[in-house]
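The residues making up each chain are set out below.
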Amino acid sequence: MRRSRHTLAFLTGLCLLAGTQAALAAAPGPYLAGLRRLTESQYRNSISDIFGPDILVQGKFEPDQRVGGLLAASSSTLSITPAGFEGYAKIADGIARQVVDEKHRAKLLACTPKSAAASDRGCASQIFEKIGLQLFRRPLTSEELKARLDAADAVTKQSGNFYTGIRYSLTTLLSAPDFLFRTEIAVPAGKAYTLDGYSRAARLSYMLWDTTPDEGLLTAARTGALDSDAGVKTEVARLMASPRLEVGMRSFFSDFLQLDTLGTITKDPTIYPKYSDEIAASAREETLRTSMDLVLKNNGDFRELFTTRKTFINRPLAWIYDVPYNLDGAWMPYEFHDGDGRSGIVTQASMLSMFSHPGRSSPTKRGVALMDIFLCEPTPTPPANVDFSIVNDTNNPKLRTVRDRLMAHATTPTCASCHTHSDPIGLSLEQFDSVGERRLKDDGRDIDVSAVIADKHFEGAGGLGQYLHDNPRVPACFVRKLYAYGVGASSEDIQTATVRSYLNGFTTGGYQVPALLKSIVTSPQFFAAPPPAPANPSVKTATR
Amino acid sequence: MTPTRRFLLRGLFQGSAAIMALPFLDCFLDSKGQALAATGQKIPTRFGTFFWGCGLTKALYLPKSTGLNYEDTPQLASLKPYKSKLNLLSGFRAYVDDKPNIQHWTGNAAITTGIAPATDFSFDAKTIDQTIADTISHGARFRSIEVSCCGNKRESYSSLGGSNTNPPEVSPLGLYTRLFGPGFQDPSKGDWTPSPEIMLQRSVLSVVSDDRKALWKTVGAGDRARLDQYFTSVREFEKTLDAELQRPEIVAQVTIPPSPDELPMNKSVPNLRKVTPVLAKLLAIGLATDQTRIFNMAFSEPASTIYMPGDSRPFHQSTHEEPIDETVGYQPITSKFSTYSMEGFATLVEALDGIKEGDGTLLDHSLVLAYTDTSNAKLHAVDGIPMILAGSASGRMKTGSHIAGTGSTVARVGLTVQQAMGLSVDRWGTDSNNTNKPITEILA
């Protein structure tokens, strides 16, 4: 399985550490323990919170990658490419231009200069101290501030405009690694290491609200309140009581359920004329609304995500689901009937269409994806020389349906080990086509949706929903991914003991997600840092 | 009006009647290209890649004879007009040694790095285009330009190493804006002066590029590499701004077309047929105007899932599921997707060859490596991966041959390419892919 470079670096660090224990013991100062590239939504939310929602963020972001089932984990492994930096620089230029324009400057800048045509270092200092704290999620150092003031001075001198100086200097904050990456600073704590207050503030804020720390968190970091368990609990209580918790949880569920996939799939319009970008966006929203309603608004049992028939639909989705839509508004709650064959989010248009081909459903794709997402069981890649032709020989009179052909292939010994693993899940969903519409026949014959996993027999989507609901691996996997999301690691690298430390409470507490979230973010473990790497005087970043 | 301009008007954005009425940037070079070249201005040599997934059909593409004047084969029919300007490479093998054959990835990464990759979606070294960029991109505006014909923002196989890839442009409009939008220096302006905005932007960038903190010395090896990559990227952006502050000197006979419309981007073959030529032509103009000297175009992803509307099987699925028709000895439907991929490549070659430059064409001053992930996709085979080298690299390549690799490493192709591009390298690749034997038959 894929192992994150983060972990490798960490392990390398450990090995080297053993040899330099003495040297390190002498000088255990603060060190850089993690570097996490802001996701696009974190970037957008941060700018919106710092400068206001009317500041447009326009440009191209570098894509992230799914590691251990989560895009969030790639924030710890990816860097910024030349084309990526160019994109960030352009976005920064656009933001800075708006922040200093006549419409916004009075509101967004902490000071008005004596003259708009000349340098005013004192005034610029106030401006950059405030914005710098917000963008870097910690106060600027005196060197960092001086560099910005000098740059602003020089540009003002050249242009004869104070605000032009602020504008260009502001782009250097927005393009700095300290903004584009969350720099996680660790300090010694007894024999171990833990994140410092500002890094804790950022970790909490991005986990719970998907945005930059607010004034309250930054103050708690400055006063040292966040260094204590009690201080963390106070802040967590405040953050979790806010409606903004939903922003954070939507971001997590979108990542966990891989809903970004809806932005990259296409469907063949000659086969699925109903499908459109609007359907894709609606399907994503439906799944997020269902999830938020169940786990946040109703504080319900997380496992009911697999069994509930309650959902939210809009007009385009009503078309896909073939149900009446008699509301003037955009969204309405809807409950499927018993005979509709729907069972929770696995039978929503989002999941059904994401893991299908452009022109047909795929039991294997669905099975592999659901195993990975909900059971944390990625399927190994098939052997290189598999003969799949039987799967598609539609002329074979004995193998008429997708199921017949897939099963004939899957009983080949080399294939069986994986297919018995993932296919039953997918086959139980075969009554839904590639865009999530119900269908009961394949090639004129009734679709058989019976399935067997580990001697457990179940029938159709309802049976699958109940199987996932009752499977103890599902909540364990959820805990693993929620924790990995928060700390920015691959879910495959999270220790089983760490998962267990939260799972027991989750189980006995009735699988309530807010309580689980609280137990994670208030535990000292959540802020633990790997030991420092040995000092390296030949660091390339220190020279040019 | 030059033929080039008519070619652009006719071919580039068909169906948009408003184009004619829009103010063009004037046809700024017309006949000057020849003159400039005649006065000794050096025309840069460009390097590019064209990637498509799932290989070709051996029975339909592989000529029996090698060397010059090899016989035509049906799968390469679209490239026939350019046969004398390209080399067909067959029979080269990606050696995996003790590493796994990572399906649809090993072949791809081994060809561009000379190293069989250890993990999926990760490169064990800088890809060849980026290595060449280190030598030839200085002075051009962009270090490299990547394009995804399917419009997938993750579809790029150009990397400085690791799992980070250089993000692609995903639509004609996006590519146009990058090349000819803000920052593009219009060389037709008689009173050209450097943009004051770019000067200011350039002047403050050192605040970022010089900001090396003591704290960063404390970082672990993995994160240190990520910081290094960040600072490399800042430096590249400084070079971009430097190039934008130079008066452009362009020798090609091209016209900058008006901005294209936003087009739908997806994996259906008819759509790819529509957008690929548009992307190719924009890219060619970008090269001709020296916006970049390096490009990477991905026609489809490894394990290509391009599809024909109405047929529920995409390419990759088809390679595994379609039975071999014993009467012809191959998979008939699957083979068509390979043919479509070659048609896509032909539009790129056509676009490059359609721009006159000096006493030849842009293609003559380029070298393009077209490559794929497997030979026989049904078996994920990485021996005999088909490749094509188009263009003569300003005379450093001899063209028109079919070269049989007879099981030698794919790294020989990468080594040959680097030597043709003027890099001082005599050995490339690791383990069994390590080689000091370029394909001397085609090096001039």
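Every residue gets a number counted from 1 within its own chain, in the order that chain's sequence is written. Chains carry letters and ligands carry numbers; both start at the beginning, A for chains and 1 for ligands, and go up in the order they are written. Under the rules for a predicted model, residues below a pLDDT of 70 receive no local features and side-chain atom pairs below 80 are neither given nor counted, while totals for whole chains, interfaces and linings still include all residues.

## Section: the nonpolar core
All names here are of chain A. Selection criterion: Buried Ala, Val, Leu, Ile, Met, Phe, Trp, Tyr and Cys residues whose C-beta atoms connect them within 7 Å together make up a nonpolar core. Exposure classes come from backbone-placed C-beta atoms, where a residue is buried if 20 or more other C-beta atoms lie within 10 Å of its own, exposed if 12 or fewer do, and partly exposed in between. Secondary structure counts use DSSP, requiring at least four H or I residues in a row for a helix and at least two E residues in a row for a strand, with both numbered from the N terminus. Residue ranges for the domains originate in an automatic or database domain assignment.
Core analysis: the biggest nonpolar cluster contains 148 residues, and Ile166, Ala201 and Leu482 have the highest contact counts within it. For this core, the leading source of residues is helix 21 (residues 473-487), giving nine residues. In this structure, this core is formed jointly by two domains, domain 1 (5-242) and domain 2 (255-470), each of which donates at least three residues.

## Some details on the confidence of the model for chain A
Residues and elements named next belong to chain A. Where we set the bar: Values of pLDDT, ranging from 0 to 100, describe the predictor's confidence in every residue of the model. Here, residues touch in the contact sense if the C-beta positions derived from the backbone fall within 7 Å of one another.
The predicted model of chain A has a mean per-residue pLDDT of 89, with 88% of residues at 70 or higher. Counting interchain partners and residues more than four positions distant, the pLDDT-below-50 stretch residues 1-26 has 42 contacts. Low pLDDT (under 50) marks residues 537-544, which in the prediction has twelve contacts with non-local residues, meaning those over four places away or in another chain.

## Notes on helix 4 (residues 106-113) of chain B
Residue and element names in this part refer to chain B. Within helix 4, eight of the eight residues are buried, leaving the element largely enclosed by the surrounding structure. Among the residues of helix 4, those classed as buried are Thr106, Gly107, Asn108, Ala109, Ala110, Ile111, Thr112 and Thr113. Residues of helix 4 that are buried in the fold lie against helix 5 (128-136), strand 8 (366-371) and helix 12 (411-420). Just downstream of helix 4, Gly114 is the residue with a positive phi angle, here 75°.

## A look at the domain arrangement of chain A
Residue and element names in this part refer to chain A. Rule in force here: Residues are grouped as follows: Ala, Val, Leu, Ile, Met, Phe, Trp, Tyr, Cys and Pro are nonpolar; Asp, Glu, Lys and Arg are charged; every other residue, Gly included, is polar.
Its domain assignment divides chain A into domain 1 (5-242) and domain 2 (255-470). Taken together, the four residues of domain 1 in the interface contact five residues of domain 2. Residues that form the side of domain 1 that touches domain 2 fall into these classes: three nonpolar, one polar and no charged.

## Structural notes on the sheet that holds strand 3 (residues 86-90) of chain B
Put simply, the test is: A pair of strands is considered paired only if DSSP assigns at least 2 bridges between the two.
Pairing within the open sheet is mixed, and its eight strands lie in the order 2-10-3-9-8-1-5-4 (chain B). Unpaired on one side and paired on the other, strand 2 (67-68) and strand 4 (145-148) of chain B mark the two borders of the sheet.

## Brief notes about the interface of chain B and chain A
Taken together, the contact pairs 61 residues of chain B with 67 residues of chain A. Contributions of two or more residues to the side of chain B that touches chain A are made by helix 7 (196-209), helix 8 (221-244) and helix 10 (315-321) of chain B. The greatest single-element share of the side of chain B that touches chain A, amounting to 15 residues, is contributed by helix 8 of chain B.

## A short note on the packing of helix 6 (residues 121-136) of chain A against helix 8 (residues 162-174) of chain A
Residue and element names in this part refer to chain A. Our working rule: Where helices are involved, their axes are fitted lines through C-alpha atoms of the stretch in contact, as for all axes, and angles between N-to-C directions lie from 0 to 180°. Working rule for angles: under 35 degrees goes down as roughly parallel, over 145 as roughly antiparallel, 65 to 115 as roughly perpendicular, anything else as oblique. Rotating anticlockwise by less than a right angle from the far helix to the near helix defines a left-handed crossing, while the corresponding clockwise rotation defines a right-handed one.
Where helix 6 meets helix 8, the axes come as close as 11 Å, and the angle between the chain directions of the two elements is 25°. By the angle class used here, helix 6 and helix 8 are roughly parallel. In terms of crossing hand, the pair formed by helix 6 and helix 8 is right-handed. Contacts between helix 6 and helix 8 involve Ala124, Ile127, Ile131, Gly132 and Leu135 on the former and, on the latter, Ile166, Leu170, Leu173 and Leu174. Across the contact of helix 6 with helix 8, the residue classes break down as eight nonpolar, one polar and no charged.

## As for the packing of helix 9 (residues 269-288) of chain B against helix 11 (residues 332-353) of chain B
Residues and elements named next belong to chain B. Closest axis-to-axis distance for the helix 9/helix 11 pair is 8 Å, and the angle between their directions is 25°. The angle between the axes of helix 9 and helix 11 places the two elements in the roughly parallel class. Where helix 9 crosses over helix 11, the two elements pack in a sense that is right-handed. Residues Val269, Leu272, Thr276, Pro277, Ala280, Lys281 and Ala284 of helix 9 form the contact with helix 11, whose participating residues are Tyr340, Gly344, Thr347, Leu348, Ala351 and Leu352. Grouping the constituent residues of the contact of helix 9 with helix 11 by class yields nine nonpolar, three polar and one charged.

## Describing the environment of Gly68 of chain A
Residue and element names in this part refer to chain A. Here Gly68 lies in the loop between helix 3 (40-51) and helix 4 (82-99). Looking at Gly68, the number of C-beta atoms within 10 Å reads 23, which means it is buried. Beyond its immediate chain neighbours, meaning those up to four positions away, Gly68 contacts Ala73, Ala484, Ser490, Ser491 and Glu492.

## Here's the deal with the pairing of strand 3 (residues 192-195) of chain A
A regular strand places its side chains on the two faces of the sheet in alternate fashion. Here strand 2 (residues 181-189) of chain A pairs with strand 3 of chain A via four bridges, running antiparallel. Of the residues in strand 3 of chain A, the one forming a bridge with Val187 of chain A is Thr194 of chain A.

## A short note on the pairing of strand 5 (residues 294-298) of chain B
All names here are of chain B. The buried count for strand 5 comes to five of five residues, which makes it a mostly enclosed element. Residues Ile294, Asn296 and Ala298 line one face of strand 5 and the alternating positions Phe295 and Met297 line the opposite face, and both faces are buried. Taken together, the five bridges between strand 1 (residues 46-51) and strand 5 define a ladder with parallel strand orientation. Paired with Phe47 across the two strands is Ile294, which belongs to strand 5. Relative to strand 5, strand 4 is paired through four bridges, and the arrangement is parallel. Each bridged residue has a counterpart across the sheet, and for Glu146 the counterpart in strand 5 is Asn296.

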